[in-house]
There are 2 protein chains.
Amino acid sequence: MTDVRVLLVDDHPVVRAGLRAMLTEFDGISIAAEAADGKAALNELSRLAMLGEGVDVVLMDLQMGAGMDGVAATAAIRKLAAPPPVLILTTYDTDADILSAVEAGASGYMLKDAPPEQIRQAVFAAAAGETVLAPRAAALLMKRITNPGTSLTPREVQLLELLATGLSNRAIAKQVFISEATVKTHLVHIYGKLGVDNRTAAIAAATRRRIIRPPGQAG
Amino acid sequence: MTDVRVLLVDDHPVVRAGLRAMLTEFDGISIAAEAADGKAALNELSRLAMLGEGVDVVLMDLQMGAGMDGVAATAAIRKLAAPPPVLILTTYDTDADILSAVEAGASGYMLKDAPPEQIRQAVFAAAAGETVLAPRAAALLMKRITNPGTSLTPREVQLLELLATGLSNRAIAKQVFISEATVKTHLVHIYGKLGVDNRTAAIAAATRRRIIRPPGQAG
DNA sequence: CGGAGGGTCAATCAAAAGGTTGACCCCGGG
DNA sequence: CCCGGGGTCAACCTTTTGATTGACCCTCCG
């Protein structure tokens, strides 16, 4: 049986070097190519396809500073003709990260602090078409299925965004042409869903779960 | 001339492997040991010292999930008898990270997305007792010197960080062992310096100016 | 048709945050 | 030596926020 051919996608040269060193030490795994962002990954895939060299697993970081991010890249890869499984290997295990990765079609979700042996097993499992999830990722998905009623409505997300810009309840009310009382009602719902009890904690929680962009970030 | 002996401190096996692979490829650098957190780093230093094997540079990550974090570890190392220079190699370049690292006695501050050649040069520079700073870190420190009046004090930055995690004034007070009154005093100063009038706006302003990392991001 | 869920608003009370003033300590530099 | 900046704390008061309850109006869907 030939090696499992892996495409590394990570914007940090250090991390790529680490994965390369780690994975090439294992029998049965070889690095087909590397890419620093999502676009480069797609380029590599098509380049390798033209050479007749398949990729068995894409090892993808979610957080990438510039260019196409991991979620977009995963979604794009899954739209290819014969898409290889995408195994997410990232630093954070937040709800939004996990959910958006799974939604985008990832075959697995592992954390970078996992021991090498676990990463090795995950690569083989993904190559074999199996799904591999870090414990927290698995737990989250279970919880989502059993208890789907906890997601924020578009309106709540909108208020959350305004909240994060530093506006007061009154200012938010004026901004969206509702009363301050209604703003309060929404905030209570938001706090409940996020499991917090004040606005700054809501911003922190929503930012961490990538429900909203970090305050003050353009876009 | 013998190799520059480096102690790697990072909680991610992948990153350690990457740095090891990257650095050992350069002439004149060898890896003395590795550690997954601050405590382990101190242990390694004392172990190597007993063997008569010095360490020329400690390459330290700031963000480490469990155990002693990078700042505490740096401070602890600088208190040793013949402390090796500590070169911070981290993901973020916020004011808070930079300032606390420099205060703790770091000899340099580099970002993980720096090209390998820059990291190599930084290691040699640190080993030679020089100070190496990423552009943003250098700019921040220059600004501190030329214009200290309008910038936040370390204490204020510290409170700002806690603020951004969603803590109440009382919770912040307990966290840093001061009274709630003092927290309020600091916040008033912070609002004045940032030109805002409430805590959420302060978080937004501080995040936008990269004084603090976005709320909820690991650190 | 009749809920269910989302959005709107109000009244009320309790808690937290914000603004102001004044005070004390410590340290480093003119 | 004294002054200023940073850090600490207190008392007081105003404003904002949070919690609770109850209500009305939509629209979508079984």
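Residues numbered from 1 in each chain as written. Chains lettered and ligands numbered in written order. Predicted model: local features only at pLDDT ≥ 70, side-chain atom pairs only at ≥ 80, totals over all residues. Heavy atoms only, no water.

The helix and strand inventory of chain A stands at ten helices and six strands. Expressed as a percentage of the 219 residues in chain A, the buried residues total 48%. Looking at chain A alone, contacts between residues at least 24 apart form 62% of all its contacts between residues at least 6 apart. Accessible surface, chain A: about 10,200 Å² in total, of which carbon and sulfur atoms supply 55%. (Helix = DSSP H or I, 4+ residues; strand = E, 2+ residues; numbered from the N terminus. Buried < 20%, exposed > 50% of the residue type's maximum accessible area, 1.4 Å probe, protein only. Contact = heavy atoms within 4.5 Å. Areas by Shrake-Rupley, 256 points an atom, 1.4 Å probe, with all protein chains shown as cover.)

The environment of DNA strand C is made up of 18 residues, and the closest members are Thr153(A), Arg155(A), Ser179(A), His186(A) and Tyr191(B). Atoms of DNA strand C within 4 Å of the protein: sugar and phosphate make up 68%, bases the balance. A distance of 2.6 Å separates a phosphate oxygen of DNA strand C from a polar backbone atom of Ser179(A). Lys184(B) is positioned such that a nitrogen or oxygen atom in its side chain is 2.8 Å from a base oxygen of DNA strand C. Only α9 (180-194) of chain A together with α8 (169-176) and α9 (180-194) of chain B provide two or more residues apiece to the surface near DNA strand C. (Near = heavy atom within 4 Å. Polar contact = N/O pair within 3.5 Å; in protein donor to acceptor, adjacent residues only side chain to side chain.)

Let us now look at the pairing of strand β4 (residues 86-90) of chain A. Residues and elements named next belong to chain A. With respect to burial, β4 is a largely interior element, five of its five residues being buried. Both faces of β4 are covered, namely the face carrying Val86, Ile88 and Thr90 and the face carrying Leu87 and Leu89. Here strand β3 (residues 57-60) pairs with β4 via three bridges, running parallel. Residue Met60 lies in a different strand from β4, and its bridge partner there is Ile88. Direction of pairing for β4 relative to strand β5 (residues 108-111): parallel, over a ladder of four bridges. Within β5, the position partnered with Thr90 by the bridge is Leu111. (Pairing = 2+ DSSP bridges.)

What follows is about the sheet that holds strand β1 (residues 4-9) of chain A. Residues and elements named next belong to chain A. In space, the six strands of this open sheet follow the order β2-β1-β3-β4-β5-β6, with parallel pairing throughout. Edge positions in the open sheet fall to β2 (29-35) and β6 (132-133), since each of these has one partner strand only. Across the sheet, helix α2 (residues 38-50) touches β1, β2 and β3, and the angle it forms with β2 is around 125°. (Axes fitted to C-alpha atoms, helices over the stretch in contact; angles between N-to-C directions.)

Moving on, we come to the pattern of salt bridges. Tallied over the entire structure, the rule returns 18 salt bridges over all chains. The residue Asp61(A) makes a salt bridge to Lys112(A) at a minimum N-O spacing of 3.2 Å. Linking Asp61(A) in the loop between β3 and α3 (70-78) with Lys112(A) in the loop between β5 and α5 (116-127), this pair joins segments that are 51 residues apart in sequence. Assigned by exposure class, Asp61(A) and Lys112(A) land together as buried. Of the charged contacts in the structure, one is a salt bridge between Arg170(B) and Glu180(B), with a shortest N-O distance of 3.3 Å. A residue pair is termed long-range when its members are at least 10 positions apart, and Arg170(B) in helix α8 and Glu180(B) in helix α9 qualify at ten residues. Here the salt bridges share partners, and the residues they tie into one network are Asp10(A), Asp61(A) and Lys112(A). (Salt bridge = Lys/Arg side-chain N within 4 Å of Asp/Glu carboxyl O.)

Glancing now at the protein's contact with DNA strand D. What surrounds DNA strand D is a group of 18 residues, the closest being Tyr191(A), Thr153(B), Arg155(B), Ser179(B) and His186(B). The sugar-phosphate backbone supplies 66% of the atoms of DNA strand D found within 4 Å of the protein. Between DNA strand D and Thr153(B) there is a distance of 2.8 Å, counted from a phosphate oxygen to a side-chain nitrogen or oxygen. Listed by contribution, the elements that provide at least two residues to the surface near DNA strand D are α8 (169-176) and α9 of chain A together with α9 of chain B. Taken together, the residues of the surface near DNA strand D break down into five nonpolar, eight polar and five charged. (Nonpolar A, V, L, I, M, F, W, Y, C, P; charged D, E, K, R; others polar.)

Within a sheet, adjacent strands bond to each other through the backbone by hydrogen bonds, running parallel or antiparallel. All names here are of chain B. Spatially, β2-β1-β3-β4-β5-β6 is the arrangement adopted by the six strands of the open sheet, whose pairing is parallel. Looking at strand neighbours, the two that pair on one side only are β2 (29-35) and β6 (132-133), the edges of this open sheet. Pairing of strand β1 (residues 4-9) with β2, which is carried by six bridges, proceeds in the parallel orientation. Looking across to β2, one finds that Leu8 is bridged to Glu34. In the packing of helix α1 (residues 13-24) onto the sheet, the strands contacted are β1, β2, β3 (57-60) and β4 (86-90), and the crossing angle to β2 comes to about 165°. Running at roughly 125° to β2, helix α2 (residues 38-50) makes contact with β1, β2 and β3 of the sheet.

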